[in-house]
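# What the coordinates show
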Amino acid sequence: PMVHALLNGASSGDVFDSIYFNDTTGSHLNNVVGNAIVGPYVPASNGTYTAWTPNGAGSLYQCVDNIPPDGDVKYASDSGTVNDRMSFNMATSITWTSVYALSVLTSNRQDGTGRQIASGVLQSGTDDYGSAYGPGTGYASQCTPFSINPVTGVPWTLSDLASTQAVVKVTA
């Protein structure tokens, strides 16, 4: 995503590729990290959970691996059953040297109202989710950040990324 800066109500012409915010609490991400980039890990195959239905493609991961998202061309749909989950093994073409945080970014909408979903991670058989949210009737992105690996309770490592799946669950 790009952020365009506005100063005093007028466009400054500055464009930022990546922005991060830290505070001084805790033992992780509490100071300037220096040069850092945000890069994608995209679904490369179906993961442990496959309760959702693929539409427009043969596999769930093929429905959600587009950058940018393609709307209703390919998508995954849930049955409305609470705790139905889908998860994905992730891959990247970038060679990383370190990791500061992981975020699960989804693009969602719903046909009706009242549905709640949550995005999270699955690692070593343990799921962890951010707050549940109710998608609107038009597509919108939702970012669920994890600055600490919720399974280990310590900062992420590169080996953690190789064994972590992105997961989405119906909560209501």
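Heads up: the structure comes first, above all this text.
### Re the pattern of salt bridges
- Tallied over the full model, the rule gives five salt bridges.
- The salt bridge partner of Arg115 is Asp78, with a shortest N-O separation of 2.9 Å. Taken together, the residues span a long stretch of sequence, with Arg115 in the loop between strand S7 (102-108) and strand S8 (117-123) and Asp78 in the loop between strand S5 (75-77) and strand S6 (85-91) at a distance of 37 residues.
- Classification of Arg115 as partly exposed rests on a relative accessible area of 25%.
- A single network of salt bridges, built from pairs that share partners, joins Asp72, Arg109 and Asp111.

### Remarks on the packing of aromatic side chains
- For the structure on display, the rule yields zero aromatic pairs.
- Sitting over the ring of Tyr49, Arg85 keeps its end group 3.8 Å from the ring centre.
- Sitting above the plane of the Tyr129 ring, Lys169 keeps its charged end 4.3 Å from the centroid.

### Describing the side chain of Ser119
- One can find Ser119 in strand S8.
- Since its relative accessible area comes to 0%, Ser119 is described here as buried.
- For Ser119, the residues in contact, after removing those within four places along its chain, are Val104, Thr106, Tyr129, Gly130, Tyr133, Thr144, Phe146, Val167 and Val168.

### Remarks on the sheet that holds S6
- Ordered in space as S3-S6-S11-S8-S9, the five strands form an open sheet in which the pairing is antiparallel. Either end of the sheet is taken by a strand with one partner, and the two such strands are strand S3 (42-50) and strand S9 (126-129). Strand-to-strand twist in this sheet, taken as the mean axis angle between neighbours without regard to direction, amounts to 30°.

### Let's talk about the environment of Val99
- Along the chain, Val99 falls in the loop between S6 and S7.
- Judged by its relative accessible area of 15%, Val99 falls in the buried class.
- Sequence spacing of Val99 and Asp160 is 61 residues, and the spatial spacing of their C-alpha atoms is 9.6 Å.
- Setting aside its immediate chain neighbours within four residues, Val99 contacts Trp156, Thr157, Leu158 and Leu161.

### A word on unusual backbone geometry
- Following Ile67, the chain continues into Pro68 via a peptide bond in cis, with omega recorded as -5°.
- For Ser124, which is not glycine, the phi torsion reads 55° and is therefore positive.
- Along the chain, Ser124 turns up in the loop between S8 and S9.
- By relative accessible area, Ser124 is classed as exposed at 67%.

### Some thoughts on the nonpolar core
- Listed in full, the nine residues of the largest apolar core are Trp52, Leu60, Ala76, Met86, Phe88, Ile117, Tyr133, Val168 and Val170.
- Contacts of Val170, omitting those with residues within four sequence positions, involve Trp52, Asp78, Gly80, Thr81, Val82, Asn83, Asp84, Arg115, Gln116 and Ile117.
- Residues Val99, Val121, Phe146 and Ala166 belong to the second largest nonpolar core, which totals eight residues.

About the cut-offs
- Residues numbered from 1 in each chain as written.
- Predicted model: local features only at pLDDT ≥ 70, side-chain atom pairs only at ≥ 80, totals over all residues.
- Heavy atoms only, no water.
- Salt bridge = Lys/Arg side-chain N within 4 Å of Asp/Glu carboxyl O.
- Helix = DSSP H or I, 4+ residues; strand = E, 2+ residues; numbered from the N terminus.
- Buried < 20%, exposed > 50% of the residue type's maximum accessible area, 1.4 Å probe, protein only.
- Phe/Tyr/Trp six-rings, centres within 6.5 Å; stacked < 30°, edge-to-face > 60°.
- Lys NZ or Arg CZ within 6 Å of the ring centre and 35° of its normal.
- Contact = heavy atoms within 4.5 Å.
- Pairing = 2+ DSSP bridges.
- Axes fitted to C-alpha atoms, helices over the stretch in contact; angles between N-to-C directions.
- Core = buried A, V, L, I, M, F, W, Y, C linked by side-chain atoms within 4.5 Å.

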